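Geometric and topological summary
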Amino acid sequence: TGTLTTNQMTAVSFVTLEGDSETINVVEHEVIGNSYNPVGSVTGIDRDETIRLPNGAVSEACRIMALCNDARLIGVDSTEDETTVQYEGEPTEASLLFLLEKLGPES
């Protein structure tokens, strides 16, 4: 979802296919956290899943979001109430980088 007034896009959900060879379910996971702040999480997905399952669906999606992306995170803008990371590139691609930060392991 996005807004024209601030030129920011936000990933609000992450969808996976889960199940076995007989039954496949579409599962929507809510993205928690301010759009341009890498702090947050994705409901139902452990932050260390990309380490535990390097060939899993979440890891594959993360690789695609990172490699097929021309945006770059370039700096931090902090106030007393909020920290926002600045970016270069298209807002849609930047929103995927922030989603990656929320899916990846804690630093």
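Scroll up for the structure.
Structure report, in brief. Because the structure is a prediction, the values reported are computed rather than measured.

With antiparallel pairing, the 3 strands of this open sheet are ordered in space as 3-4-5. In this open sheet, the two edge strands, each paired with only one partner strand, are strand 3 (13-19) and strand 5 (41-42). Sheet topology places strand 3 next to strand 4 (residues 24-32); 7 bridges connect them, and they run antiparallel. Within strand 4, the residue paired with T16 across the bridge is V27.

Moving on, we get to the pattern of salt bridges. Side chains carrying opposite charge are able to pair once their charged atoms draw close together. This model, assessed by the stated rule, comprises 4 salt bridges. Here R52 ties to D48 by a salt bridge, and the two come within 3.3 Å at their closest N and O atoms. The closest approach of N and O atoms between R72 and E88, which form a salt bridge, is 2.7 Å. A residue pair is termed long-range when its members are at least 10 positions apart, and R72 in strand 6 (residues 72-78) and E88 in strand 7 (residues 83-88) qualify at 16 residues. What makes E88 partly exposed here is its relative accessible area of 39%. Members of the salt-bridge network, linked through shared partners, are D46, D48 and R52.

Within the secondary structure, S95 sits in helix 3 (residues 91-103). Within polar-contact distance, the side chain of S95 engages the backbone oxygen of T92 at 2.6 Å. Each residue touching S95, except ones within four places of it in the same chain, is listed here: M9, T10 and A11.

What follows deals with the state of the cysteines. Evaluation of the coordinates by the stated rule reveals 0 disulfides. Not part of a disulfide, C62 finds its nearest cysteine sulfur in C68, a span of 13 Å. Using a relative accessible area of 58% as the deciding quantity, one classes C68 as exposed.

Cut-offs used in this document
- Residues numbered from 1 in each chain as written.
- Predicted model: local features only at pLDDT ≥ 70, side-chain atom pairs only at ≥ 80, totals over all residues.
- Heavy atoms only, no water.
- Pairing = 2+ DSSP bridges.
- Helix = DSSP H or I, 4+ residues; strand = E, 2+ residues; numbered from the N terminus.
- Salt bridge = Lys/Arg side-chain N within 4 Å of Asp/Glu carboxyl O.
- Buried < 20%, exposed > 50% of the residue type's maximum accessible area, 1.4 Å probe, protein only.
- Polar contact = N/O pair within 3.5 Å; in protein donor to acceptor, adjacent residues only side chain to side chain.
- Contact = heavy atoms within 4.5 Å.
- Disulfide = S-S within 2.5 Å.

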